[in-house]
Amino acid sequence: MIKLACEDLEDNSYALLGVAILQDAMTRAQIAETLSLTYGENLPEKGRMRIRKGTGTGQRGKMKLGKVFTEEDTLASFFGDKLHDGVTLGIQRQAGTEAPFTSNHMLLRIRLWRPVEKVLEPAQEIAVLRSSTFGQLKKQLGEHHMICANGNKDATTPGEFVSIVKPFAYLLKDIANVPTLKWLPQPDNDAVISSTTTTSLRDGDQMVYKDSREAEDISADVARRLAENKPAHSVAEESGFQIYSPAQQQAREQELVTKAEAQKREDDERTQAILAAAKNAKDPL
């Protein structure tokens, strides 16, 4: 007997649907078929049903989603020695049509940035082949997940116009940071997304993407922040040093002594002025 929880698209929480009787040897397709017959309209259609391991968070109505039930899995192999009555499966709606999820796929969290409207869309999770190149990833985003500037959700954007960036999560708390993310340079289109490079992607990584044909509305403040950002590949110049002659060293030492004496006189004068002001306040004429 398996507990079921289904994603609520309104607030990204999960509602406990009930239970289902499943066999250990059932595959993902067989489980999806059984659940559709049992719960029907309460679940996504079979073609958009992603099954994942569910774990409680201690908060009512909230659940953490774990690994994905792949096409190679059976219920027994998926849970292993953790399989027992009452384990939870989370049912998640896929963000668009996807190929069957296998061990060769990873899940990425993607967010669409619309520069004209200054809107950062909520995160969606998509399945991507680990062997995909960045060019193929951009094509996938453009074909299935891009919302174009004209608002036509059925429109597609050629991959060549899709720009992507992998930001630090804290930067997305304020959308004013989004135009200043490192949109340039873009990753090499021929590079594999899971390769061991600085731009490699892993399961659960978050990416922001946009249609590069939409112009950013750069305010004066944003322009200043962009100007202050140095390219990641730039190397800071080393401060130079100078070898002084004995005469120069003596002159520098004398200059330091003179500055120290002047600073001491200034401090003494300030102290005397403060004491005098305090005395006058205590003993007014």
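- As recorded in an unreviewed UniProt entry, the chain goes by Ubiquitin carboxyl-terminal hydrolase 47 C-terminal domain-containing protein and comes from Octactis speculum.

1. Things to note about the overall build of the chain
(1) Moving on: Within the chain, the regular secondary structure consists of five helices and ten strands.
(2) Moving on: Looking at the chain as a whole, 35% of its 285 residues qualify as buried.
(3) Moving on: If you take every contact in the chain between residues at least 6 apart in sequence, the share linking residues at least 24 apart comes to 64%.
(4) Moving on: Within the structure as shown, the chain displays about 18200 Å² of accessible surface, and the carbon and sulfur contribution to it stands at 52%.

2. Considerations on the pattern of salt bridges
(1) Moving on: Under the defined criterion, the tally for this structure stands at eleven salt bridges.
(2) Moving on: We note a salt bridge from Glu45 to Arg93, for which the minimum N-O separation is 3.5 Å. With Glu45 in the loop between helix H1 (28-39) and strand S3 (49-56) and Arg93 in strand S5 (residues 88-93), the pair connects residues that are 48 residues apart, well separated along the chain.
(3) Moving on: Exposure remark for Arg93: the relative accessible area of 29% places this residue in the partly exposed category.
(4) Moving on: Taking the shortest distance from any N to any O, the salt bridge between Lys210 and Glu216 comes out at 2.9 Å.

3. Structural notes on unusual backbone geometry
(1) Moving on: Cis geometry is found at the peptide bond from Leu184 to Pro185, where omega equals -5°.
(2) Moving on: As for its position among the elements, Pro185 is in the loop between strand S9 (162-165) and strand S10 (206-211).
(3) Moving on: Not every positive phi belongs to a glycine, and Lys118 is a case in point at roughly 55°.
(4) Moving on: Position of Lys118 relative to the elements: it lies in the loop between strand S6 (105-114) and strand S7 (119-120).

4. Quick look at the nonpolar core
(1) Moving on: One finds Leu22, Ile31, Leu35, Leu75 and Leu89 to be the most contacted residues of the largest nonpolar core, which totals 20 residues.
(2) Moving on: For this core, the secondary-structure elements that each account for two or more residues are strand S1 (2-8), H1, S3, helix H2 (75-79) and S5.
(3) Moving on: Here the element with the most residues in this core is H1; it accounts for four residues.
(4) Moving on: If you look at the next biggest cluster of nonpolar residues, it comprises 16 residues, including Ile110, Leu112, Ile126 and Ile193.

5. Here we look at the environment of Leu75
(1) Moving on: Its location among the elements puts Leu75 in helix H2.
(2) Moving on: Beyond its immediate sequence surroundings of up to four residues, Leu75 is in contact with Ile2, Leu22, Gln23, Asp24, Met26, Ile31, Phe69, Leu83 and Leu89.

6. Let's talk about the pairing of S6
(1) Moving on: Judged by how many residues are buried, S6 sits mostly within the fold: nine of ten residues are covered.
(2) Moving on: Across six bridges, the pairing between S6 and strand S8 (residues 124-129) is antiparallel. Paired with His105 across the strands is Leu129, a residue of S8.
(3) Moving on: Inspection of the sheet shows S6 paired to S10 by four bridges, in the parallel sense. Residue pairing across strands places Leu112 opposite Tyr209, the latter belonging to S10.
(4) Moving on: When S6 meets S7, the two strands line up antiparallel, connected through two bridges. When the bridges of S7 are listed, Arg114 appears paired with Val119.
(5) Moving on: The hairpin turn running from S6 into S7, its antiparallel successor, is four residues long, and Lys118 in that turn takes a positive phi close to 55°.

Cut-offs and rules
- Residues numbered from 1 in each chain as written.
- Predicted model: local features only at pLDDT ≥ 70, side-chain atom pairs only at ≥ 80, totals over all residues.
- Heavy atoms only, no water.
- Helix = DSSP H or I, 4+ residues; strand = E, 2+ residues; numbered from the N terminus.
- Buried < 20%, exposed > 50% of the residue type's maximum accessible area, 1.4 Å probe, protein only.
- Contact = heavy atoms within 4.5 Å.
- Areas by Shrake-Rupley, 256 points an atom, 1.4 Å probe, with all protein chains shown as cover.
- Salt bridge = Lys/Arg side-chain N within 4 Å of Asp/Glu carboxyl O.
- Core = buried A, V, L, I, M, F, W, Y, C linked by side-chain atoms within 4.5 Å.
- Pairing = 2+ DSSP bridges.

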